[in-house]
Amino acid sequence: MLAIEGVSKRFGGLWAVRDCSLTVEQGTITGLIGPNGAGKTTLFHIITGFYRPDRGRITFRGEDVTGQSPFRLFHKGLYRTFQIPRAFPEMTVLENLMLVPGNQCGELLWNPIFCPRRVRKEERLLLRRAQEVLEFVGLAPLAGALAGTLSGGQKKLLELARALMAQPKLVLLDEPGAGVNPTLMNKLAARIRQLAQGFGVTVFLIEHDMDLVMNLCDPVIVMSEGRVLTQGAPAQVRTDPRVIEAYLGGQYAVA
Amino acid sequence: MDVLVGILNYLLFFSITAGVYAVLALGLNVQWGYTGLFNIGVAGFYAVGAYTSALVSGPPPGALDWRVFGGWGLPFPMGFAAAGVVAALVALLIGWITIRLKEDYLAIATIGIAEVLRLIIKNEAWLTNGVWGLKNIPSPWFQPVQSGVTAFLAARPQLPGWLVSLLKGAYSWVYLGLLAAVILALYFLVERALRSPWGRVLRAIREDEVAAAAQGKNVAAFKLQAFVLGSAIMGLAGSLYAHYARYLSVEKFEPLYGTFIVWVMLVAGGAGNNKGAILGAFLIWGLWAGTDFLTGYLPLSDVRASALRVVLIGVLLVGILLVRPRGILGEEKFVSRLFKG
Ligand SMILES: Nc1ncnc2c1ncn2[C@@H]1O[C@H](COP(=O)(O)OP(=O)(O)OP(=O)(O)O)[C@@H](O)[C@H]1O
Ligand SMILES: [Mg+2]
């Protein structure tokens, strides 16, 4: 589904991502882990077109998409969430979601003016879908609140909700569990699994919570200092001495 | 009675000017209020509209004129439409070049183009008559209204003086009616365009461009649309001004009157709210006129008095924003109103 070959990205003198190659197979929930500053988020930025790689190639569903702009990639079925949530603060939670689906007829200036009925019909469908998604992530009571007023954890859930609205083929989730209440974590894991198995979305996710990664992801890819260190089944990665070493001194123990 | 007629005529003149500003504020609201586009060259698009309309609908150059171009004498609606179209084309050109770049570039480009246009108006006399100004721009339906009034008065010589002077100014009422109709039509058009999924994308872009791109929105294309639409509306305002004032000269398109005050109006009335834009125009124009009376009582030179007025209006704006940080009306929580009911 997604193949990355020899991708590198440098910031000044620092190679944030260095000669990185990996693939994400269709239908999997692939995990991406690694210590802070390993280059995981940078890699996501490159895949989704927010950064242009200095070297390397990205292939999505058989097509070379290196350097394509983010909005084009969205329409090809590639969606990403942000590690630091980027909701639209002065918009309601509901409209944050209704905004997402692509190719809305109401987004063409003349349609709301000349065919408001058609737009209205579409809007009702979007409303229903947004309400379903809000139920799904448990944000329904906040539908009418401005997104800027949500708590950190709620904003993370909103990021996930937008991913559900986008109905992508591949979704890149950047730490979906960060800041989410531990009791919600199990629910979150169930939601992500449902997304993959129920909706047929391939998931590629970054996460520091090892419990979540170990019981959700297969395979797991480990990055360190901009490179792919290893990749494999969770049980295998967990006991890999190189992985343990990479994390040593870091704040995350590999249980 | 004569005093009352005088006040009434002043109010009439006041409302027409404020109405033209309301149109400008509506245009700026599309750009800044909804999309966050920093256009500090409103005066430029206003001037483009005014001169276009005057050249399309105005009289051909006279013997004493410097200009050698334009003055096709076409009906007002054509000049009015041309004003919108030409302002839109100018915006399309500027937007096409700058909108993909960082946002500061648009601001610089708009202020630059406004200044360039001001210099063109001043120096390119073959087109604009330069510092002599464009004269005798016709007001729509002026002749029929005026001859109607004259005939009416000729038939009734016994009417009291105050009524005669009121009736002599009847044309202004007609123009106010025309202007009100245009404002109303534009309000509904803009409101319909913005309170929709289209406007929702604009607000998202204003809030966070990067996130909007991540939601699959073609940020540059939407920004360009908003910029062109807003500028076209500013062009229409220029036409409405030209055909009432009947005379155009460069001073009317200085940054103070053409840009600064429009910004104050929008921000005070409530950026992001079309009603707020219209309300702000009338309110701020009222206060601005008020400061004229105020500074008139002070022993100041003209230059100083006008500087003081700017300060006063700035203080007023700060006062309004302290009480109501989002302007008097503020924006509505939901952008689209098409999914309700
Ligand atoms: N825009 C940038 N400019 C300069 N340096 C950057 C930039 N973005 C990231 N870096 C650097 O690149 C390295 C990798 O950062 P990245 O955000 O990809 O790490 P990460 O693996 O996502 O870490 P974390 O787990 O903490 O989120 C870091 O050293 C970071 O400081
Ligand atoms: Mg990160």
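Residues numbered from 1 in each chain as written. Chains lettered and ligands numbered in written order. Predicted model: local features only at pLDDT ≥ 70, side-chain atom pairs only at ≥ 80, totals over all residues. Heavy atoms only, no water.

Scanning chain A from N- to C-terminus turns up ten helices and ten strands. Here the C-alpha radius of gyration of chain A, 19 Å, is about what a compact globule of 255 residues would show, namely 18 Å. Its C-alpha atoms give chain A principal-axis dimensions of roughly 60 × 40 × 35 Å. Within chain A, the proportion of its 255 residues that are buried is 55%. Sequence-distant contacts in chain A: of pairs separated by 6 or more residues, those separated by 24 or more amount to 65%. Counting every atom, chain A has about 11100 Å² of accessible surface; 50% of that belongs to carbon and sulfur. Here chain A holds 29 positive side-chain charges and 23 negative ones, and the gap between their average locations is 6 Å. (Helix = DSSP H or I, 4+ residues; strand = E, 2+ residues; numbered from the N terminus. Rg over C-alpha atoms; globule rule 2.2 N^0.38 Å. Buried < 20%, exposed > 50% of the residue type's maximum accessible area, 1.4 Å probe, protein only. Contact = heavy atoms within 4.5 Å. Areas by Shrake-Rupley, 256 points an atom, 1.4 Å probe, with all protein chains shown as cover. Lys, Arg positive; Asp, Glu negative; His and termini not counted. Charge placed at Lys NZ, Arg CZ, Asp CG, Glu CD.)

By the definition in use, this model includes 19 salt bridges over all chains. A salt bridge links K217(B) to E107(A); its shortest N-O distance comes to 2.7 Å. Taken as a pair, K217(B) in the loop between α10 (209–214) and α11 (219–245) and E107(A) in the loop between α3 (93–98) and α4 (110–114) lie in two separate chains rather than in one. Using a relative accessible area of 2% as the deciding quantity, one classes K217(B) as buried. The shortest N-O distance in the salt bridge between R206(B) and E331(B) comes to 2.9 Å. One end of the pair, R206(B), is in helix α9 (residues 197–207); the other, E331(B), is in the segment after α14 (302–323), and 125 residues separate them in sequence. The exposure class of E331(B) is partly exposed, given its relative accessible area of 22%. Three or more residues are tied together by salt bridges with common partners; here these are R203(B), R206(B), E207(B) and E331(B). (Salt bridge = Lys/Arg side-chain N within 4 Å of Asp/Glu carboxyl O.)

Bringing the site of ligand 1 into the picture now. All names here are of chain A. The environment of ligand 1 is formed by 14 residues, the closest being N36, K40, T41, T42 and H208. For ligand 1, an oxygen atom lies 2.7 Å from a polar atom in the side chain of H208. For ligand 1, the accessible surface in isolation is 640 Å², of which the surrounding protein chains cover 64%. Of all the secondary structure elements, the ones that give two or more residues to the shell around ligand 1 are β2 (14–24) and α1 (40–47). Broken down by class, the residue content of the shell around ligand 1 amounts to five nonpolar, seven polar and two charged. (Near = heavy atom within 4 Å. Polar contact = N/O pair within 3.5 Å; in protein donor to acceptor, adjacent residues only side chain to side chain. Nonpolar A, V, L, I, M, F, W, Y, C, P; charged D, E, K, R; others polar.)

Okay, the domain arrangement of chain A next. Residues and elements named next belong to chain A. Under the domain assignment, chain A is made up of domain 1 (2–87 + 168–252) and domain 2 (88–149). Just the C-alpha atoms count here: the centres of domain 1 and domain 2 sit 28 Å apart. Here domain 1 and domain 2 share an interface that buries about 640 Å² over both sides, 63% of which is from carbon and sulfur atoms. Among the residues domain 1 hides against domain 2, the three largest losses belong to F74, A87 and R191. Together they make up 61% of the total. Scanning the region where domain 1 abuts domain 2 turns up zero salt bridges. Scanning the region where domain 1 abuts domain 2 turns up one residue pair in polar contact (both at pLDDT 80 or more). Elements with a minimum of two residues in the side of domain 1 that touches domain 2: α2 (70–75) and α7 (182–198). Among the elements that make up the side of domain 1 that touches domain 2, the one with the highest residue count is α7 (three residues). (Domains from an automatic or database assignment. Buried area = accessible area lost by both parts, 1.4 Å probe.)

By convention here, two paired aromatic rings are described through the distance between centres and the angle between planes. By the definition in use, this model includes 24 aromatic pairs over all chains. Measuring from ring centre to ring centre gives 6.0 Å for F74(A) and Y79(A), while their planes differ by 70°; the resulting arrangement is edge-to-face. Its end group placed over the ring of F142(B), R246(B) keeps NZ or CZ at 4.6 Å from the ring centre. (Phe/Tyr/Trp six-rings, centres within 6.5 Å; stacked < 30°, edge-to-face > 60°. Lys NZ or Arg CZ within 6 Å of the ring centre and 35° of its normal.)

Attention now moves to the sheet that holds strand β7 (residues 170–174) of chain A. Two orientations exist for strands paired in a sheet by backbone hydrogen bonds: parallel and antiparallel. Residue and element names in this part refer to chain A. Taken in spatial order, the six strands of this open sheet run β6-β7-β8-β3-β9-β10, and their pairing is mixed. The open sheet terminates on both sides in strands that have one partner only, identified here as β6 (78–80) and β10 (227–232). When strand polarity is set aside, the average angle formed by the axes of neighbouring strands in this sheet is 15°. With three bridges joining them, strand β3 (residues 29–33) and strand β9 (residues 220–224) adopt parallel strand pairing. Bridging across to β9, L32 finds its partner in I221. (Pairing = 2+ DSSP bridges. Axes fitted to C-alpha atoms, helices over the stretch in contact; angles between N-to-C directions.)

Once that is clear, we can look at the coordination of the magnesium ion (ligand 2). Each protein donor to the magnesium ion (ligand 2) is listed here as T41(A) (OG1) and Q83(A) (OE1); together their distances run 1.9 to 2.2 Å. Taken together, the residues span a long stretch of sequence, with T41(A) in helix α1 and Q83(A) in the loop between β6 and α3 at a distance of 42 residues. (Donors = N, O, S within 2.8 Å, 3.2 Å for Na, K, Ca; no water.)

Of the residues lining the interface, 35 residues belong to chain B; the matching set on chain A comes to 38 residues. Of the roughly 3200 Å² buried between chain B and chain A, counting both surfaces, carbon and sulfur atoms make up 61%. The tally of links from chain B across to chain A stands at five salt bridges. Note that R200(B) is salt-bridged to E123(A), the shortest N-O span being 2.8 Å.

This part takes up the nonpolar core. General note: in soluble globular proteins, nonpolar side chains tend to be found buried as a group. Grouped together as the largest cluster of nonpolar side chains are 100 residues, with contacts concentrated most on L240(B) and L248(B). No other element matches the 16 residues that α11(B) contributes to this core. Leaving out residues up to four positions away in the same chain, L240(B) has contacts with V20(B), V23(B), F76(B), F80(B), Y175(B), L179(B) and V182(B). Judged by nonpolar contacts, the second largest core, of 54 residues, contains V93(A), A161(A), L173(A) and M185(A). (Core = buried A, V, L, I, M, F, W, Y, C linked by side-chain atoms within 4.5 Å.)

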